[in-house]
Amino acid sequence: MASTSPRPVLTRAKVIVPVALVLAVLIAFVTVFTRFYTDLLFYRSVNFSKVFTTVIYTRILLFVLFGVVMAVVIGTNIVLAYRLRPPVRPLSTEQQNLERYRSAVEPYMKLALVAVAALFGLAAGLSASGHWRTWLLWVNGVKFGETDPQFHRDISYYTFTYPFQRFLLGFLLTAVLLSLLVTILTHYLFGGIQLQTPRERVTPAAKAHISVLLGLVALLKAWAYWLDRFGSVFSSRGVATGASYTDVHAVLPAKLILLFISLACAVLFIYNIFQRGWTLPLVGVGILALSSAVIGGIYPTFVQQFQVRPNEATRETPYIERNITATRDAYGIDKVRSEPYAARTDVTAAKVAADTGTIPNTRLLDPSKVSRTFQQLQQIRGYYTFPKTLDVDRYTVRGDDGKDVTGDYVVSVRELNQAGLGTEQRNWINDHLTYTHGKGFVAAPSTTVDNGRPAFEQGERNLPQEGDFGVTQDRIYFGEMSPKYSVVGTRQVEIDGPGPGNTQATTTYNGDGGVSIGSTFRQGLFALRFGEKNLLLSGDITRNSRILYERNPRDRVSKAAPWLTLDGDPYPAVVNGKITWILDGYTTSDGYPYSARRTLGDVTADAVTAQSGNRAQQPPDQVNYIRNSVKATVDAYDGTVTLYAWDEKDPVLRTWMKAFPDTVQPKKAISPSLMEHLRYPEDLFKVQRDLIGQYHVADTPGRTPAQVAQDFYSQVDFWQVSDSPDGSDQPQPPFYVYSQLPGRTKPTYNLTSPLISARSSKLAAYMAVSSDPGTYGQFTLLKLPSGDTISGPVQVQSAIESNADVVNKLTLWRGAGSQTIEGNLLTLPVAGGLLYVEPYYVQARGSTGYPTLQGVAAAYGERIGFGTSLGEALDKVFGSGAGAAAAGAGSGADSVTNGDQDGAGADGAGSGATGGSAAGGGTALQDAINDADRAYQSGQTALGKNPPDFTAYGQSQSDLAAALARLRTLAPPASTPPVSPSPSPTARSPSASVSAAPPRPSSQPAAAPTPTSALTAESG
């Protein structure tokens, strides 16, 4: 009987395998095409298709060019090795074993050749395509007009050409080494190399082939030594970045010697073709290895240890000078000059009261702390939210006297929060067709509060939009918290917040943002991209529908300008009636010779970025050149991306503009309305303040460059950023403040930061840079007397919290049902000295509690004052009348309050409150509490005298008894349960119905019962 044939199984395998391969290729193609085409549609929608095509064409060019070169080099060497195989091979065990492999390979030699070459070519092409930035910078590089001090080459060589040469060297070296590897394997397989033969183990043809490749390796190594010479300008061997004494006097000569030895080795390898054996090449390799160890390693180490170290300060002086000059130029701090500042402490109350440029503009609302307050008072609907950290900006509004007043505001936009919808409301239609956008611009002056809460009535608030900023389009379709995608212009109406009465407003998007999704083809593509079949099957999508994606402003600008490094904090502004996101773009490089390197991710991290969920962390890239070359905007309604050249002289920006023409508009295209809201970027300032802490030594008057280098080497006068006073072990963030700096005739909007001594915690300097259009980028660096001990932020924070008056207040506020939150500790130059101001907020524990301003601390020298307002705190520090300038700076709540129950815009004063009054105002209850505190402190002071002043003590006890009697009269009965120290709204549940009644307008005051907890201040 005939056996069963396996032919049907083999037939099925022959069918299944090709089909599976075809399907795999098809799926890969569809996936790549879907991403490619939808990205192209995005770039077309923002009018940046040139960026997309330029990048794609460049990547394709590099893929093909370097992939083909690699494939040809590898394939050619395999073919040569095969053709140079010996016609007759000796009969040996080794060759008999190899014969089986040769028999298996030779019938498919062409296919194997193509496969191996293609595999190496594919890998090389993919790797090369990722270097499209390096290629474009090399091809389009423009001159800096400055040369390095060692080789006298234009800086553009190091930033644009040198990186490409390094890439090309690495590619060629890889190609030759891989060729050498496949050549040796091919020769061995086909008998050109015979390891187990007593005769010549390498045929002359194989020897010639391998020798040529080894010669090429030696030539490339010589080129590497040549490039290493220029790479010395980035050396970290010395005291400062750049070619040091050892690099110049030992390493550079060593590199030249090694270069010539490499060339000699190349000659020996080629000459070895005509010689028997491998003696000459081995001698050459040995000499090169020994020379690399001795000349390239041991000799520089000897020079460093025995010539430089004993006289390092003198030897390194000229190279430190180079580093100082290059670093200050590369980071744009070359024009920063310090000026002495006495930091006086003998200041009178009248002098402080006369400061009308800084004191009235002192910020009391910390944007990193009051997000929950904005949330509770201005959320309006459960499906809206605010980011964890708010932003600050300045606006000019018409005052009561008819004059324009510019002030600092805490600002944000009311973004969509679909997590705030009820579980029954979460479905695909609601998530992507109905709830599509946020709504409203919210702003409150940072200097004024109303009963402890933001004074929204003086800014922007509520829905429909109210305020004086001129907002005409308040819908937020593109924001930091927008959903991944939304489809607009469908048969479903879009929820648009509260309408008149108890109605729900709706809208239909009529902008040009996003991409048309009206065709079945596009619906299918986006269904594949987002993995959502409803995009293809939904009957609500019409020919006029548009899909919005890539909605985060930072992501949109990053895609439109992939050559930019973006600041981590986009901020919204009202520009010509529209809500516009403003972003700062940096051009960076790590190729500026002699400039110090900094890791962006490390130097820009601080206490705010650590706790913020909406500020992007910078990547861990090292840079030694940075410019704020671009200002970018994103329209919150239609997503339009616009790039403006800010530093038009920047060679790196000019290079990118040459690579991507017509993508960046000139600086003159910036409208006056936009110019008013441009501010100096935080991340750039953080990098610069870190460097100024060291490189400020260069601006010391009367010091020669050599003396400056000595100062830098000694590090005696180095500064650093203070730790944040909140105990987070993170650097203190810089603060935007409206202030009048010394020598200025009017207040300006400044980004500021104190700097402390690197050897102690004492304050060493105060740094500020202007954001005003007329003085933008102008630095003020106040250098404090080095012989004085002036407390830094951490020390001041400790002193404030150990102050008896502050301790008493905080003890009252830090009860079982509440907690205190310290706001930003501002450092302000006032009246020839430095004033520290810190707001204190109280928040009820629990999910509905939010911070309200309850007190303000002020410190000046050793004096500390604490009050319910800035004015009262200043009066306590400087004496009566000092707080007159703070009349417009607002005050804390007059009592612990329990705000209105629906928590939306209830900004009115509580019962008996004075609202945002001038310094020193308060209710009878608060007055009684203050009198009791003062009487108690007076008694303790009298007892502390030597000998004790019992007369004064008796008087203070009488005053204390009178104050406590008034408290008993004013406070509710003791049985009244304690009241939460901050409002606890009940109607702000995230799952609140969308048809809920609208919140009470901010003009309607909420009751604020007085606290019985005040009676706990009584003492036996």
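From a predicted model like this one, the values you see are computed outputs, not experimental measurements.

Engineer: Tell me about the overall build of the protein, and please be specific about residues and values.
Structural biologist: When helices and strands are tallied, the protein shows 28 helices and 34 strands. For the protein, the proportion of its 1020 residues judged to be buried stands at 55%. Within the protein, contacts between residues separated by at least 24 positions form 72% of all contacts whose residues are at least 6 apart in sequence. Per element, the accessible surface of the protein, about 42,700 Å² overall, is 58% carbon and sulfur.

Engineer: If you had to explain helix α6 (residues 155–189) to someone new, which residues and values would you point to?
Structural biologist: One full turn of an α-helix is made of 3.6 residues, so residues set three or four places apart face in the same direction. For α6, built from 35 residues, the straight-helix expectation of 51 Å at 1.5 Å per residue is met to within 8% by its first-to-last C-alpha distance of 50 Å. Helix geometry: α6 is bent most strongly at Thr161, by close to 45 degrees, with proline Pro163 lying one to four residues after it. Where α6 terminates, the next one or two residues include Gly191, which has phi positive at roughly 90 degrees.

Engineer: An account of the nonpolar core is requested, with residue identities and associated values reported.
Structural biologist: Counting 192 residues, the largest nonpolar core has Phe441, Leu535, Ile547 and Phe878 as the members making the most contacts within it. Per-element accounting of this core gives the leading share, 13 residues, to α6. What Ile547 contacts, discounting residues up to four positions off in sequence, is Tyr485, Ser486, Val487, Gly514, Val515, Ile517, Phe526, Phe530 and Leu535. If you look at the next biggest cluster of nonpolar residues, it comprises 24 residues, including Leu741, Leu763, Leu782 and Ile790.

Engineer: Just give me the short version of the confidence of the model for the protein, but keep the residues and values in it.
Structural biologist: Per-residue pLDDT for the protein has a mean of 86; in total, 86% of the residues score no lower than 70. Under a pLDDT of 50 for its full length, residues 891–922 has, in the predicted model, 131 contacts with residues more than four places off or in other chains. In the model, residues 972–1020 has pLDDT below 50 throughout and makes 131 contacts with residues more than four positions away in sequence or in other chains.

Engineer: Quick rundown of the environment of Phe42? Include the residues and the values.
Structural biologist: By secondary structure assignment, the location of Phe42 is in helix α1 (residues 7–45). Placed 473 residues apart in sequence, Phe42 and Val515 show a C-alpha to C-alpha distance of 6.8 Å. Setting aside chain neighbours within four positions, we find Phe42 in contact with Val515, Tyr549, Glu550, Arg556 and Lys559.

Engineer: Just give me the short version of the packing of aromatic side chains, but keep the residues and values in it.
Structural biologist: With the rule as written, the count across this model stands at 54 aromatic pairs. Taking 4.9 Å as the distance between ring centres and 40 degrees as the angle between the ring planes, the aromatic pair formed by Tyr509 and Tyr637 counts as tilted. Placement of Tyr509 in the loop between β15 (504–507) and β16 (515–516) and of Tyr637 in the loop between β23 (625–635) and β24 (641–645) is noted, with a sequence separation of 128 residues between them. Overall, Tyr637 belongs to the buried group, its relative accessible area being 11%. Between the aromatic rings of Tyr736 and Tyr749, the centroid separation amounts to 5.7 Å while the plane-to-plane angle is 10 degrees, which identifies the pairing as stacked. Of this pair, Tyr736 sits in strand β26 (residues 735–739) while Tyr749 sits in strand β27 (residues 748–757), placing them 13 residues apart in sequence. The class of Tyr749 is buried, set by a relative accessible area of 0%.

Engineer: Can you lay out the environment of Arg934 for me, pointing to particular residues and giving the numbers?
Structural biologist: Checked against the element boundaries, Arg934 lands in helix α27 (residues 924–944). The exposure class assigned to Arg934 is partly exposed, which follows from its relative accessible area of 45%. Sequence separation between Arg934 and Leu960 is 26 residues; the distance between their C-alpha atoms is 8.2 Å.

Engineer: Before we move on, can you summarise a nonpolar patch on the surface with the specific residues and values?
Structural biologist: Taken together, the side chains of Val15, Val19, Leu23, Leu26, Ile27, Phe29, Val30, Phe33, Phe36, Phe521 and Leu528 make up a nonpolar region of the molecular surface, amounting to roughly 1,000 Å² of accessible area. Elements with a minimum of two residues in the nonpolar patch: α1 and α15 (520–530). It is α1 that contributes the most residues to the nonpolar patch, 9 residues altogether. Within the secondary structure, Phe36 sits in helix α1.

Engineer: I'd love a proper account of the sheet that holds strand β17 (residues 546–549), names of residues and values included.
Structural biologist: Note on sheets: strands pair through backbone hydrogen bonds, and any given pair is parallel or antiparallel. In spatial order, the strands read β13-β17-β16; together these 3 strands make up an open sheet with antiparallel pairing. The open sheet terminates on both sides in strands that have one partner only, identified here as β13 (485–488) and β16. Here α15 sits on the sheet and contacts β13, β16 and β17; the angle it forms with β17, its principal contact strand, is near 25 degrees.

Cut-offs applied
- Residues numbered from 1 in each chain as written.
- Predicted model: local features only at pLDDT ≥ 70, side-chain atom pairs only at ≥ 80, totals over all residues.
- Heavy atoms only, no water.
- Helix = DSSP H or I, 4+ residues; strand = E, 2+ residues; numbered from the N terminus.
- Buried < 20%, exposed > 50% of the residue type's maximum accessible area, 1.4 Å probe, protein only.
- Contact = heavy atoms within 4.5 Å.
- Areas by Shrake-Rupley, 256 points an atom, 1.4 Å probe, with all protein chains shown as cover.
- Expected span 1.5 Å × (residues − 1).
- Bend = angle between axes of the 7 residues up to and from the residue.
- Core = buried A, V, L, I, M, F, W, Y, C linked by side-chain atoms within 4.5 Å.
- pLDDT = per-residue confidence, 0-100.
- Phe/Tyr/Trp six-rings, centres within 6.5 Å; stacked < 30°, edge-to-face > 60°.
- Patch = residues over 30% accessible without salt bridge, like charges linked within 9 Å, V, L, I, M, F, W, Y side chains within 5 Å.
- Salt bridge = Lys/Arg side-chain N within 4 Å of Asp/Glu carboxyl O.
- Pairing = 2+ DSSP bridges.
- Axes fitted to C-alpha atoms, helices over the stretch in contact; angles between N-to-C directions.

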